[in-house]
Amino acid sequence: MAMAAAGLSCWGAALGAAVGVPLLLLAAAPRIRRFVAGGRCESAARLEGKAAVITGANTGIGKETARELARRGARVIIACRDTAKGEAAAAEIRAETGNPQVVVKKLDLADTKSIREFADSFLAEEKELHILINNAGVMLCPYSKTADGFEMHLGVNHLGHFLLTFLLLERLKQSAPARIINVSSLGHHGGRIRFHDLNGEKSYNRGLAYCHSKLANVLFTRELARQLQGTKVTANALHPGSVRTELVRHSVLMTWLWRIFSFFLKTPWEGAQTSVYCAVAEELESVTGQYFSDCQPAYVSSWGRDDETAKKLWNVSCELLGIQWD
Ligand SMILES: NC(=O)C1=CN([C@@H]2O[C@H](COP(=O)(O)OP(=O)(O)OC[C@H]3O[C@@H](n4cnc5c(N)ncnc54)[C@H](OP(=O)(O)O)[C@@H]3O)[C@@H](O)[C@H]2O)C=CC1
Ligand SMILES: CC1=C(/C=C/C(C)=C/C=C/C(C)=C/C=O)C(C)(C)CCC1
């Protein structure tokens, strides 16, 4: 008798949980979504007469950043490796914003020849550059190398953008006030700069390789800001949040987790808010060398605050790319 009662109350509790938990989640859903969405760029700044280059703006966070800057009246150059995808994104943004000044230029960050061609063509055709958003990125790639033999994460996420910034810097200085924005990640906390094995030839872990490259973004920003003091060109880095994009495409597991838990991830528009904030917020006019998340300053790992490592990474990057920049 007692056993039957215990069994019944067990079923009752299970039934209660099965109905109660989903109901509770449903009731809390709007709050959870607001929390997940994170900070918003509240600035109403307009960008007529301003020009912006955004790398990897054919999809994800970059595309939404392009849409927001176009909406504010900027001339937007979508710099991407697949120009067909870029043209589709540009057409959509032009139609939605009514801004005809959204153009596409080919840029493959995994090939320094393509980066130089992009810069040559840009400098020949565009007389001003006020905002450079180094947004493109790869994550969790199986071991592979760029056309120049750099490990893919380091090559695309750091070295490619390092070279691009170097080639466009004079135009940014001429157009000052100007802003450089490096899209990094919270993942930089797990990164280290492994100077003895930058190309991951001795040991390679694709998750860590991503983190190392995102730490490189933070250190690059830090040293760049230091070197640009007094030029009215600022450099800041940011974490966009965990965002529903194609970034996880190289991992089947992450792709599934991203789908299943998509409710708990930012939309690409929400993920673009901190990039837009860094690009337009009036109060950031002379703020430089900082790291933001959810449209506010955020905590940088101790490795990301190491000036000596930042300087050393700068010098090694110049050596690897065969450029003189100081
Ligand atoms: N999504 C997230 O949760 C987070 C994203 N980030 C960062 O945000 C940034 C944007 O990523 P997100 O929008 O999420 O990812 P997506 O994968 O959606 O977009 C990445 C963009 O980078 C481009 N890209 C990749 N490789 C190259 C290359 N060799 N040359 C030129 N462009 C290239 C892609 O082009 P194509 O479409 O042709 O592949 C695409 O346009 C990245 O720097 C990422 O590290 C940081 C933290 C979290
Ligand atoms: C904990 C947890 C999740 C969150 C993962 C996060 C928060 C990933 C962040 C990735 C970043 C920052 C990538 C780019 O730089 C999932 C997968 C949603 C579901 C499973 C449990």
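Scroll up a little and you will see the structure.
Remember, it's a predicted structure, so these values are computed and weren't measured experimentally. (Residues numbered from 1 in each chain as written. Chains lettered and ligands numbered in written order. Predicted model: local features only at pLDDT ≥ 70, side-chain atom pairs only at ≥ 80, totals over all residues. Heavy atoms only, no water.)

Peer 1: It is not clear to me how unusual backbone geometry should be interpreted in this structure. Could you clarify?
Peer 2: Cis geometry marks the peptide bond from Ala-176 to Pro-177, where omega comes out at 5°. One can find Pro-177 in the loop between α5 (152-174) and β5 (178-183). Residue Asp-294 is not a glycine yet carries a positive backbone phi of 50°. Inspection of the secondary structure assignment puts Asp-294 in the loop between β7 (291-293) and β8 (296-297). The exposure class of Asp-294 is partly exposed, given its relative accessible area of 27%. Not every positive phi belongs to a glycine, and Cys-295 is a case in point at roughly 60°. (Helix = DSSP H or I, 4+ residues; strand = E, 2+ residues; numbered from the N terminus. Buried < 20%, exposed > 50% of the residue type's maximum accessible area, 1.4 Å probe, protein only.)

Peer 1: What should I look at first to understand the nonpolar core in this one?
Peer 2: What tends to happen in soluble globular proteins is that the nonpolar side chains get buried as a cluster. Phe-118, Ile-180 and Trp-325 are the most contacted members of the largest nonpolar core, which totals 40 residues. Those elements giving two or more residues to this core turn out to be β2 (75-80), α4 (112-125), α5, β5, α6 (206-227), β6 (233-239) and α9 (307-321). Among the elements that take part in this core, α5 stands out by supplying 11 residues, more than any other. Each residue touching Phe-118, except ones within four places of it in the same chain, is listed here: Val-53, Ile-77, Ala-79, Lys-105, Lys-106, Leu-107, Leu-164 and Leu-168. The next biggest cluster of nonpolar side chains, apart from the first, holds 32 residues, and it includes Cys-41, Ala-52, Ala-70 and Val-280. (Core = buried A, V, L, I, M, F, W, Y, C linked by side-chain atoms within 4.5 Å. Contact = heavy atoms within 4.5 Å.)

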